[in-house]
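Remarks on the overall topology
This is what each chain is made of:
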Amino acid sequence: MKSRTAWALLIAANVLCYGVLSFQRTSQAQQRPSGEPPFANSVEQRAEMVQQLREIKELLREQNALLRSGNLRVVVTLPEKR
């Protein structure tokens, strides 16, 4: 009786594994159309980052100049209650 149960469990496990593996297919997300590279051009990305950093640097200079001048006025308001 034990050997029959073991064989039945083995066959059931094989059928279950086959059923799970039969659902595996390649999807369109895995394929690259027209030979596009998987990542953007690193040189362009680097140039864009350098440009953004220069803009940030210029904004920080402007903000520091305002803070050093002493002509900055801060107004704090509380949000309206609903």
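The following paragraphs examine the structure supplied in this document. Residue numbers here run from 1 along each chain, matching the order of that chain's written sequence. Local features are withheld for residues below a pLDDT of 70 in this predicted model, meaning they are given only at 70 or higher, and side-chain atom pairs are given and counted only at 80 or more; totals for whole chains, interfaces and linings count all residues. Calculation of side-chain values draws on the structure's entire complement of heavy atoms; hydrogens and water are dropped beforehand.

A short note on the overall build of the protein chain
Which entries qualify depends on this criterion: The helix and strand labels rest on DSSP assignments: H or I over at least four residues marks a helix, E over at least two residues marks a strand, and numbering proceeds from the N terminus. Categorising residues by exposure relies on relative accessible area from a 1.4 Å probe, with only protein chains included: less than 20% of the type maximum marks a residue as buried, more than 50% marks it as exposed, and the intermediate range marks it as partly exposed. Note on areas: these come from Shrake-Rupley sampling with a 1.4 Å probe, and a residue is covered only by the protein chains present in the view.
Counting its secondary structure elements, the protein chain contains 2 helices and 0 strands. The buried share among the 82 residues of the protein chain stands at 0%. Put simply, the protein chain shows about 9000 Å² of open surface, and 59% of that area lies on carbon and sulfur atoms.

A look at a nonpolar patch on the surface
Spelled out, the test is: Patch members must show over 30% relative accessible area and no salt bridge, and they are joined within 9 Å when carrying like charges or within 5 Å when they are nonpolar side chains of Val, Leu, Ile, Met, Phe, Trp or Tyr. Salt bridge, as used here, is a side-chain nitrogen of Lys or Arg placed within 4 Å of a carboxyl oxygen of Asp or Glu.
Residues Leu66, Leu67, Leu72, Val74 and Val76 make up a contiguous nonpolar surface patch of roughly 520 Å² in combined accessible area. Structurally, Leu66 can be placed in helix H2 (residues 42–69).

A short note on H2
Applicable threshold: By definition here, a helix of n residues has an expected span of 1.5 Å times n minus one. Pairs of N or O atoms within 3.5 Å make up the polar contacts considered here, provided that, within protein, one atom can donate a hydrogen while the other can accept it, and that residues adjacent in sequence are counted only when both atoms are side-chain atoms.
The end-to-end C-alpha distance of H2, which contains 28 residues, comes to 41 Å, matching closely the 40 Å that a straight helix rising 1.5 Å per residue would cover. Of the residues flanking the start of H2, the one acting as N-cap is Asn41, its side-chain oxygen 3.2 Å from the backbone nitrogen of Val43. Immediately beyond the C-terminal end of H2, within one or two residues, lies Gly70, with a positive phi of roughly 80°.

Just geometry here; none of it tells us what the structure is for.
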